[in-house]
Structures are given as C-alpha cells and as structure tokens.
Amino acid sequence: MSGKKQGFVPYANEADVLAVGKLMIENRLDRITISGDVDLTADEVGLEHARKLHALLGDIVAKLEGMKLPAELPPPAVGDVDNPFN
C-alpha cells in the first residue's frame, strides 16, 4: 500500500516507530507498543489514517499467525540506570 511506511516489519527490531496522527506505533522484538490517539475523521485525512492502521494491523496479525506463540509473555523488565547528566 502506498501510504504505509516501507520497512516496518513487525517484531523485527527495537528501532522502528510509525506515527498515525498522534498515535505512535513502536516496534519491539517481542511486542508492538501503541500509544497516543488518533481521530479517524469522516474525511480524506481520516480515511488515510484508517488505511494505514488497517494495513499495519493486518501485517501484525499475519506475523503473529505465522509464529509459535507462548500463552502469555511476562511483563517487560524495568530497571534503573545512572543519570548520564550527573
């Protein structure tokens, strides 16, 4: 699809981020994080946002369907790091 960012392969890396409106879709190796918001307005902009989300979610579902999945992942590990500005 022409509106979809080329190169976003779900679960392929820890670097890719897509924006749809103010919605951020962050690629991770074991999860896709979606945060923010987007209005799917009844106009051309809303249609384009909806198409991007539809294509992206289709790619995510296809990738998940092709994987051997555990019942549930543990929550991500969270740790403290030293402040580099001190």
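Note: the structure precedes this text.
Report on the accompanying structure. Only a predicted model underlies this, so the values are computations on that prediction, with no experimental measurement involved.

## Section: the sheet that holds strand 1 (residues 17-20)
A sheet is described by the order of its strands in space; here three strands give the open sequence 1-2-3, paired in antiparallel fashion. In this open sheet, the two edge strands, each paired with only one partner strand, are strand 1 and strand 3 (32-37). For this sheet, the mean inter-axis angle between neighbouring strands, taken without regard to orientation, is 15°. Relative to strand 1, helix 1 (residues 44-65) is tilted by about 145°, and along the sheet it contacts strand 1, strand 2 (22-27) and strand 3.

## Quick look at the nonpolar core
In this structure, Phe8, Tyr11, Leu18, Val20, Leu23, Ile25, Ile32, Leu53, Leu56 and Ile60 together form the largest nonpolar core, which totals ten residues. Elements supplying a minimum of two residues to this core: strand 1, strand 2 and helix 1. Of all the elements, helix 1 adds the most residues to this core, at three residues.

About the criteria used
Residues numbered from 1 in each chain as written. Predicted model: local features only at pLDDT ≥ 70, side-chain atom pairs only at ≥ 80, totals over all residues. Heavy atoms only, no water. Pairing = 2+ DSSP bridges. Helix = DSSP H or I, 4+ residues; strand = E, 2+ residues; numbered from the N terminus. Axes fitted to C-alpha atoms, helices over the stretch in contact; angles between N-to-C directions. Contact = heavy atoms within 4.5 Å. Core = buried A, V, L, I, M, F, W, Y, C linked by side-chain atoms within 4.5 Å. Buried < 20%, exposed > 50% of the residue type's maximum accessible area, 1.4 Å probe, protein only.

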